[in-house]
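# Examining the three-dimensional arrangement
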Amino acid sequence: MAEETHIAAGQAAAPAIKLRHINKAFGAVQANRDVCLTVVPGTIHGIIGENGAGKSTLMSILYGFYEADSGEILIGGKPTPIRTSRDAIDAGIGMVHQHFMLVDTMSVVENIMLGAESGAILTSSVAKARAELERLERDYNLDVDPDALAGELPVGQQQRVEILKALYRGADILILDEPTGVLTPQETDQLFRILDSLRKQGVTVVLITHKLREIMAITDHVSVMRGGEMVADRVTAATSKEELAELMVGRKVLLSVDKQAPRVGDTVLSVEDLTYVDRAGVARVDHVSFQVRAGEVVGIAGVSGNGQSELLELLSGIRPMTAGQVDVLGERFSAARPLDPAAMRALQVAHVPEDRLRMGLVRTFEAEESAILGYHRDPAYNRGLFMNGEAIRSDCAKKMADFDVRPQAPALKTANFSGGNQQKIVLARELSRGPRLLLVGQPTRGVDIGAIEFIHKNLIAMRDAGSAVLLVSVELEEIMSISDRILVMFEGRIVGEVPAAQADERLLGLMMANAATEEEALATHPGLPGAIAVEPE
Amino acid sequence: MSTAPVKIPRWVDVGLIPVINIALAFLVSGVILFAIDVHPLEAVEIILYGAFGYDEALGYTLYYTTNFVFTGLAVAVAFHASLFNIGGEGQAYIGGLGVGLGILALDPYLPFIVILPLAILLSAAFGAAWAAIPAYLQAYRGSHIVITTIMFNFIAAALMVYLMVNVLIQPGSMSPESREFAEAGHLPFMHEVFGWFGVKVTPSPLNLSVVWAAICCLLVWVFIWHTRWGYEIRTVGANETAAVYAGIDPKKVIMLAMCVSGALAGFVGINEVMGVHHRLLLNFTAGYGFTGIAVALMGRNHPVGIVLASLLFGMLYQGGAELAFEEPKVTREMVVTIQGLVILFSGALAYMMKGPVERTYVRIVGMTQRPAAQEG
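What counts and what doesn't
- Each residue is numbered by its place in its chain's sequence as written, counting from 1.
- Working convention: letters from A go to chains and numbers from 1 go to ligands, in the order in which they are written.
- In keeping with the predicted nature of the model, local features appear solely for residues at pLDDT of at least 70, side-chain atom pairs appear and are counted solely at 80 or more, and the whole-chain, interface and lining totals rest on all residues.
- The way it works is that DSSP assigns letters per residue, a run of H or I at least four long becomes a helix, a run of E at least two long becomes a strand, and they are numbered from the N terminus.
- In this scheme the burial state of a residue depends on its C-beta neighbours within 10 Å: 20 or more other such atoms mean buried, 12 or fewer mean exposed, and anything in between means partly exposed; the C-beta positions come from the backbone.
- Both definitions apply: the radius of gyration is a C-alpha atom measure, and the globule rule equals 2.2 Å times residues to the power 0.38.
- C-beta atoms are placed from the backbone for every residue, and two residues are taken to be in contact when these atoms lie within 7 Å.
- We treat two strands as partners when DSSP finds at least two bridges between them.
- Buried Ala, Val, Leu, Ile, Met, Phe, Trp, Tyr and Cys residues whose C-beta atoms connect them within 7 Å together make up a nonpolar core.
- Interaxial angle, 0 to 180 degrees, is taken between N-to-C directions of lines fitted to C-alpha atoms, where a helix line uses only the stretch in contact.
- Small angles under 35 degrees read as roughly parallel and large ones over 145 as roughly antiparallel, with 65 to 115 read as roughly perpendicular and the rest as oblique.
- Think of it as three bins: nonpolar holds Ala, Val, Leu, Ile, Met, Phe, Trp, Tyr, Cys and Pro, charged holds Asp, Glu, Lys and Arg, and polar takes everything else, Gly as well.
- The span one expects for a helix is its residue count, reduced by one, times 1.5 Å.
- Confidence scores per residue from the predictor, reported as pLDDT, run from 0 to 100.

Moving on to the overall build of chain A. Assigned secondary structure in chain A consists of 18 helices and 22 strands. Counting only residues that meet the buried cut, chain A has 47% of its 537 residues in that class.

Printed below as a string of structure tokens:
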């Protein structure tokens, strides 16, 4: 550790976790360099750092996925060599991965006892597991239906099952790797309440994240990693977002985006009564109407799952609309004349999808192949019957240079880039053609803070260059800092519009929960820092 | 954030693991041979000599190889779209039917040089058509392609029996075979081709279709990796959601991939019907379509790998026959057992050794020599 730890309380009781001088190299890359960490029992300890800072490697060492090249691990004051996950579990460490490891077709109770069955005959194991599960749910306020199928639970509940799994195995140290990446703001709040009650029960929680807001909201202590080293330890109450951001990136970071007033042009996208009814007969998008003009960013705020994702997929032609009409750059589309992704690209409509791994990229492709996805029929990439390999490669190299993708290796497999760099590949592909309409979903999900700044700047640059931008995000801060106008969606409908200048988290939050109409909120808003009575739905 | 895996170099996956799989198959075969008092090493010697030792043997080996290349490529192309085409056998059968019908209709009137391209087109068209029906059912009706292609093998076999016995049989003949094609419908044997240049080679069934097989390897490589259609096939195969996002219609891609696949399988008809038998007959596909699955798996769906795997199976077919001939204790069934073991280990169990081999590799060199893949 570069400096002496600020954590004084750690000296009183034996620290829950103590890492001493951990080193880990992958070939030439030093993923962890002389890392020390002390975690006080019964606290929530945040570990923050950009993607690639070494947080995941460090936790993988602690959980037995990797063995450190050198260094020592002490659990509860005792030196504990951890070579496999089994060692970690035996030492009372549980891990909740970013991507859940549940069997979708099994019930919650079956998932919980999976791998910890007490014998060959399952009936007694199930009974035992059920009793234990009920105790855990009661003790920690973790409410999950034991008989529900894991695959049918919402994401937030699946995560609870993961936490219960760890607790069932006797974990008193819980590591959560980017737990909020997949959660809605509500689910995030619920998770934080759960973590809080775990802390009260004496469980030690290690929270890996790159979201400063979460660190400030829930942790007691925070350690910052950068470039494989532990660069600082702070007591959360004694630090600030700005300081942590600076420590993470190693320079000052603009948390808000500098932008000028929009120069608004003609209407580029006009949506009228757009409706999408899913197979179950639920109107996911319900008579939505709005316009987006050239040179402005329209943000769509909403709690995840209120139809924003579907709206974006409807407009990009991925989902067929049920009713309504959409005018894009002079072309009229309707249920009878559906939008389709290829036609939209021909109209210079670009789409940065919400989920880059599921939709925006092909993991097994070389980066240069992912970088032409959707534009692979472009004559620039083809020579007669054949694809033009040199053109594709040089085009990708140029995009990588323009968008600072690291490493700049067009032939590297897409899956081998970090999340932020994968997102930059998608953005480079979609932005570099100067689209007239840009549809953007969750542009900074799972992306580190340096890249967030870069992505935001680029979106604003697109707007200033005259593109119409439609931004869907569940990050309110992002919506507020990028958008010129904000539309709020609730249960498939647009429940209000707020100029970005008048928006704040509280107002938008109330509208997102449909607790206030736009007029009510605006009317009551100016004077309020206290009280809008929130009617329960 | 993901963990940082040690990168497994390609040679481990495409070279080392198949070799280990074959070695395991031979090890088990060796045990069996040992148990019946045949010296395993002598058996290997007989197989190798019987497959490569003299020109006639080599001719036979390459003749079998030709069939495996066609069916292996067929399975591979479908596999790139993540479709498991089990129907190579039926598509080859119907492809041969196309060749036979075309030549029977045309050989009195047209010269060889016109018949050859027509026969190639017909074999491709018939094979593709036979694959197109299961493809349509998969793409537009959701019937699983594995089930339908298997069923279509049976339908093809039944159809051929009906046609050979009732329609195409040579009048007055007892065996269900068509009349022999005229000279214009014979694809020259390689020993004839060598003869034109004054080189004397012992006759074998090897014919000019081996050249077509080589050309097909090149064409498939170009098609899959260097055309936009290949790109679309691979996109659908790797990530269908991303394909839809990219404006690629997975239904069309399924049709395209299966038609190309069926056409490739159909070329077995060129080798067998036009190249060897010079008439339409029953059962000329002899399981080549099924072996093609193992060939494609072992060749990792790449033309180079498929050629190597085809050579191996060609060697086993030819050398195995020789072994049964030379060693009285080794029956024909024993040879089939050895072939089956190779298929078992390199086809069905192709990935059994992947984990252990990769873990061993990581343990030995991974941590110290290779730079880690990009972390994060």
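A separate point is the overall build of chain B. In terms of regular secondary structure, chain B is built from 16 helices and 0 strands. For 376 residues, the compact-globule formula gives about 21 Å, and the C-alpha radius of gyration of chain B, at 22 Å, lands near that figure. Along the first, second and third principal axes, the C-alpha set of chain B runs to 75 × 60 × 40 Å. Within chain B, the fraction of its 376 residues that count as buried is 50%. Within chain B, residue pairs in contact and separated by at least 24 positions form 76% of the contacts whose partners lie at least 6 positions apart.

A few words on the pairing of strand β21 (residues 485-490) of chain A. Residue and element names in this part refer to chain A. Among the 6 residues of β21, 5 are classified as buried, and the element is accordingly described as predominantly covered. Pairing of strand β13 (residues 297-301) with β21 involves 4 bridges; the strand directions are parallel. Pairing of I300 across the sheet is with L487, part of β21. Looking at chain direction, β21 and strand β22 (residues 493-499) are connected through 6 bridges and run antiparallel. Bridged to M489 within β22 is I494. Hairpin connection of β21 to β22: 2 residues between the antiparallel strands, including E491 at a positive phi of 45 degrees.

A few words on the nonpolar core. Nonpolar side chains tend to gather and get buried jointly when the protein is soluble and globular. Grouped together as the largest cluster of nonpolar side chains are 258 residues, with contacts concentrated most on A:L62, A:L174, B:L73 and B:A257. Sort the elements by how many residues they give to this core and helix α3 (residues 55-80) of chain B lands first, with 16 residues.

The next point concerns the packing of helix α14 (residues 419-431) of chain A against helix α15 (residues 449-464) of chain A. The description of two helices packed together rests on the angle between their axes and the distance between the axes. Residue and element names in this part refer to chain A. Packing of α14 against α15 brings their axes to within 11 Å, and their N-to-C directions diverge by 10 degrees. As far as their axial angle goes, α15 and α14 are roughly parallel. Facing α14, whose interface residues are G420, Q423, K424, L427 and L431, α15 presents A451, I455, N458 and M462. A class-by-class count of the residues in the contact of α14 with α15 yields 5 nonpolar, 3 polar and 1 charged.

As a further point, take the sheet that holds strand β12 (residues 283-293) of chain A. Residues and elements named next belong to chain A. As summarised here, the arrangement of the 4 strands in space is β12-β11-β14-β15, forming an open sheet in which the pairing is antiparallel. Looking along the sheet, the strands with just one partner apiece sit at the ends: β12 and β15 (331-334). For this sheet the average axis-to-axis angle between neighbouring strands, irrespective of direction, equals 15 degrees. The sheet contact formed by strand β11 (residues 267-277) and strand β14 (residues 323-328) spans 5 bridges and is antiparallel.

Residue A:P407 follows A:R406 across a cis peptide bond; omega there is -5 degrees. Mapped onto the fold, A:P407 is located in the loop between α13 (389-402) and α14. At B:S82, a residue that is not glycine, the phi angle is positive and equals roughly 60 degrees.

What follows is about helix α14 (residues 303-326) of chain B. The end-to-end C-alpha distance of α14(B) is 34 Å, a good match for the 34 Å that 24 residues give at a rise of 1.5 Å each. Within α14(B), 17 of the 24 residues are buried, which leaves it mostly tucked inside the rest of the structure.

A separate point is the pairing of strand β16 (residues 349-352) of chain A. All names here are of chain A. Going residue by residue along β16, you find V349 and H351 tucked away on one face and A350 and V352 tucked away on the opposite face as well. Both β16 and strand β19 (residues 437-441) contribute to a ladder of 4 bridges, which runs parallel. Pairing of V349 across the sheet is with L437, part of β19.

Residue and element names in this part refer to chain A. Overall, mixed pairing links the 6 strands, which are arranged β16-β19-β20-β13-β21-β22 in an open sheet. Edge positions in the sheet fall to β16 and β22, since each has one partner strand and no second. Recorded for the sheet is a direction-independent mean angle of 20 degrees between the axes of neighbouring strands. Contacting β13, β19, β20 (468-472) and β21, helix α9 (residues 308-315) runs over the sheet at an angle of about 150 degrees to β19.

This next bit is on the confidence of the model for chain A. In low-pLDDT regions, the fine details of the predicted coordinates are not to be read closely. All names here are of chain A. Overall, the predicted model of chain A reaches an average pLDDT of 85, with 90% of residues at or above 70. Here residues 1-11 is a poorly scored stretch, pLDDT under 50, and it has 16 contacts once near neighbours within four places are set aside; other chains count. Scored below 50 in pLDDT, residues 525-537 makes 9 contacts in the model with residues more than four places away or belonging to other chains.

Residues and elements named next belong to chain B. Per-residue confidence for chain B gives a mean pLDDT of 91, with 95% of residues at or over 70. Of all helices and strands in chain B, the one with the weakest mean pLDDT is helix α16 (residues 354-369) (75), whereas helix α11 (residues 250-266) scores best (98). Contacts of residues 1-5 to residues separated by more than four positions or lying in other chains number 18 contacts, the stretch itself having pLDDT below 50. Low pLDDT, under 50, characterises residues 370-376; the stretch is placed with 32 contacts to residues that sit more than four places away or in other chains. For this predicted complex, the interface confidence score (ipTM) comes to 0.83, while the overall pTM stands at 0.75.

This paragraph deals with the packing of helix α2 (residues 40-52) of chain B against α3(B). Residues and elements named next belong to chain B. Two elements in contact, α2 and α3, have axes whose closest approach is 5 Å; the angle formed by their N-to-C orientations is 85 degrees. Regarding the angle of α2 to α3, the classification is roughly perpendicular. Contacts between α2 and α3 involve G50, A51 and F52 from the first element and A57, L58 and T61 from the second. In the contact of α2 with α3, the residues fall into 4 nonpolar, 2 polar and no charged.

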